[in-house]
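For reference, the chains in residue letters:
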Amino acid sequence: MMKRLFIALAAFVGFSLAAAHAESSNPVDLVSDTSRQVLDLLKKDDGKNSRQVRAQVEALVVPKFDFKRMTALAVGRGWRDATPDQQAELSSQFQSLLTRTYASTMWRFKQAQIDVKPNATLTPDGREATVRSEVLLPNSADKKPVSVDYILYRTPQGWRVYNVIVEGASLVTVYRNQFNEEIRKNGIDGLIKVLRTKNDSVPPVARAG
């Protein structure tokens, strides 16, 4: 499941990368119009420019996410018990975990095909949207596409992503289960320590394996 979630994260981060240059009032257009640009960009990673690609990802993608909101959802009840300093550190470490894990795996999905479905589902107040898509991986044994739903909310600066759901599994919920177990055992500081350790273990270069 985590593998599929990070596959989705690759596509999820990917469309946001191009979105840094293309704001849209329509979340479907945002995903659809930019996914092709991103795949073209990923194909330029030749193994020699991986650091540069990763730097571009981090510089352009981070502003398109609400990592604080994602972290709060992933940590769950423990977020309210954390001090402001702990919340800031949790957000920083979770952001690093997602972006660095993506950077270490994104080169695997250069040939992925993304089919973005029309007609986003909006909440009654129009402030949140769900954009559905299917991602077909080139080396998938069963050739069955992976369903990926992007959850966005509207801000004065444009749409921001705060969750992704893969085959019915929420990225933040999967992490919440892991995080809550660690908090029960070792508290908020224990979770921060675990995240730091994971980040230290992720290769700093985008190309891995």
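Structure shown above.
Quick caveat, the model's predicted, so the values are computed rather than measured.

Colleague: Can you help me understand the overall build of the chain in this one?
Modeller: Summing up its helical and strand segments, the chain has seven helices and six strands in all. In sequence order, the secondary structure elements of the chain are arranged as α-α-α-α-α-α-β-β-β-β-β-β-α. Put simply, of all contacts in the chain between residues at least 6 apart along the chain, 64% involve residues at least 24 apart. Carbon and sulfur atoms provide 49% of the accessible area of the chain, an area that totals close to 10500 Å².

Colleague: What is the right way to look at the nonpolar core in this model?
Modeller: If you look at soluble globular proteins, the nonpolar side chains tend to sit buried side by side. In terms of nonpolar packing, the biggest core is built from 38 residues, with Met70, Leu90, Phe94, Tyr175 and Phe179 touching the most fellow members. If you tally residues by element for this core, the top one is helix 7 (residues 171-201), at nine residues. Not counting residues up to four positions away in its chain, the partners in contact with Phe94 are Met70, Thr71, Ala74, Tyr175, Phe179 and Leu195.

Colleague: Would you explain the packing of helix 4 (residues 67-75) against helix 7 in this entry?
Modeller: At their nearest, the axes of helix 4 and helix 7 sit 7 Å apart, and the two run at 75° to each other. Taken together, the axis directions place helix 4 and helix 7 in an arrangement best described as roughly perpendicular. On the side of helix 4, the interface is formed by Met70, Leu73, Ala74 and Val75, while helix 7 contributes Leu171, Val172, Tyr175, Arg176, Phe179, Asn180, Ile183 and Leu191. In terms of residue class, the contact of helix 4 with helix 7 is built from ten nonpolar, one polar and one charged.

Colleague: Is there a simple way to think about the packing of aromatic side chains in this case?
Modeller: Describing an aromatic ring pair means giving the distance of the ring centres and the angle of the ring planes. Following the criterion strictly, the structure yields four aromatic pairs and no others. Where Phe94 meets Tyr175, the ring centres are 5.1 Å apart and the plane angle is 80°; that geometry is what we call edge-to-face. A residue pair is termed long-range when its members are at least 10 positions apart, and Phe94 in helix 6 (residues 84-105) and Tyr175 in helix 7 qualify at 81 residues. Grouping residues by exposure puts Phe94 and Tyr175 together as buried. Aromatic ring contacts, followed pair by pair, group Phe94, Tyr175 and Phe179 into a single cluster. Here the basic side chain of Arg69 rests over the ring of Tyr153, its NZ or CZ set 4.4 Å away from the ring centre.

Colleague: I'm lost on the pairing of strand 3 (residues 128-136) in this one. Help?
Modeller: Within a regular strand, side chains alternate between the sheet's two faces. Sheet topology places strand 1 (residues 113-116) next to strand 3; four bridges connect them, and they run antiparallel. Counted as the bridge partner of Gln113 is Leu136 from strand 3. Pairing analysis gives two bridges linking strand 2 (residues 121-122) to strand 3, with the strands arranged antiparallel. Considered in strand 3, the bridge of Thr121 is made with Thr130. A loop of five residues connects strand 2 with strand 3, the two strands running antiparallel in sequence, and Gly126 in this loop sits at a positive phi of about 75°. As paired elements, strand 3 and strand 4 (residues 146-155) share eight bridges and run antiparallel to each other. Following the sheet pairing, Glu134 is matched in strand 4 by Ser147.

Colleague: Sorry, what's going on with the pattern of salt bridges here?
Modeller: Side-chain pairs of opposite charge can arise where the charged atoms are in close proximity. If you walk through the whole model with that rule in mind, you get seven salt bridges. In this structure, the salt-bridge partner of Asp149 is Arg132, at a minimum N-O distance of 3.9 Å. Of this pair, Asp149 sits in strand 4 while Arg132 is found in strand 3, placing the two residues 17 residues apart along the sequence. With relative accessibility at 18%, the residue Asp149 sits in the buried group. Overall, the relative accessible area of 40% leaves Arg132 in the partly exposed class. Its salt-bridge partner being Glu181, residue Lys185 comes within 3.7 Å of it at the nearest N-O pair. With Lys185 and Glu181 both in helix 7 and four residues apart, the pair spans about one turn of that helix. Exposure remark for Lys185: the relative accessible area of 57% places this residue in the exposed category. Under the relative-accessibility criterion, Glu181 is labelled partly exposed at 33%. Taken together, the salt bridges that share partners define one network made up of Asp115, Lys117 and Glu134.

Colleague: Hey, could you run me through the side chain of Ser133 in this one?
Modeller: Within the secondary structure layout, Ser133 lies in strand 3. With sequence-adjacent residues up to four places away left out, Ser133 is seen in contact with Ile114, Asp115, Val116, Lys117, Val146, Ser147, Val148, Asp149 and Tyr150.

Here is what the cut-offs are and how they apply
- Residues numbered from 1 in each chain as written.
- Predicted model: local features only at pLDDT ≥ 70, side-chain atom pairs only at ≥ 80, totals over all residues.
- Heavy atoms only, no water.
- Helix = DSSP H or I, 4+ residues; strand = E, 2+ residues; numbered from the N terminus.
- Contact = heavy atoms within 4.5 Å.
- Areas by Shrake-Rupley, 256 points an atom, 1.4 Å probe, with all protein chains shown as cover.
- Core = buried A, V, L, I, M, F, W, Y, C linked by side-chain atoms within 4.5 Å.
- Buried < 20%, exposed > 50% of the residue type's maximum accessible area, 1.4 Å probe, protein only.
- Axes fitted to C-alpha atoms, helices over the stretch in contact; angles between N-to-C directions.
- Parallel < 35°, antiparallel > 145°, perpendicular 65-115°, else oblique.
- Nonpolar A, V, L, I, M, F, W, Y, C, P; charged D, E, K, R; others polar.
- Phe/Tyr/Trp six-rings, centres within 6.5 Å; stacked < 30°, edge-to-face > 60°.
- Lys NZ or Arg CZ within 6 Å of the ring centre and 35° of its normal.
- Pairing = 2+ DSSP bridges.
- Salt bridge = Lys/Arg side-chain N within 4 Å of Asp/Glu carboxyl O.

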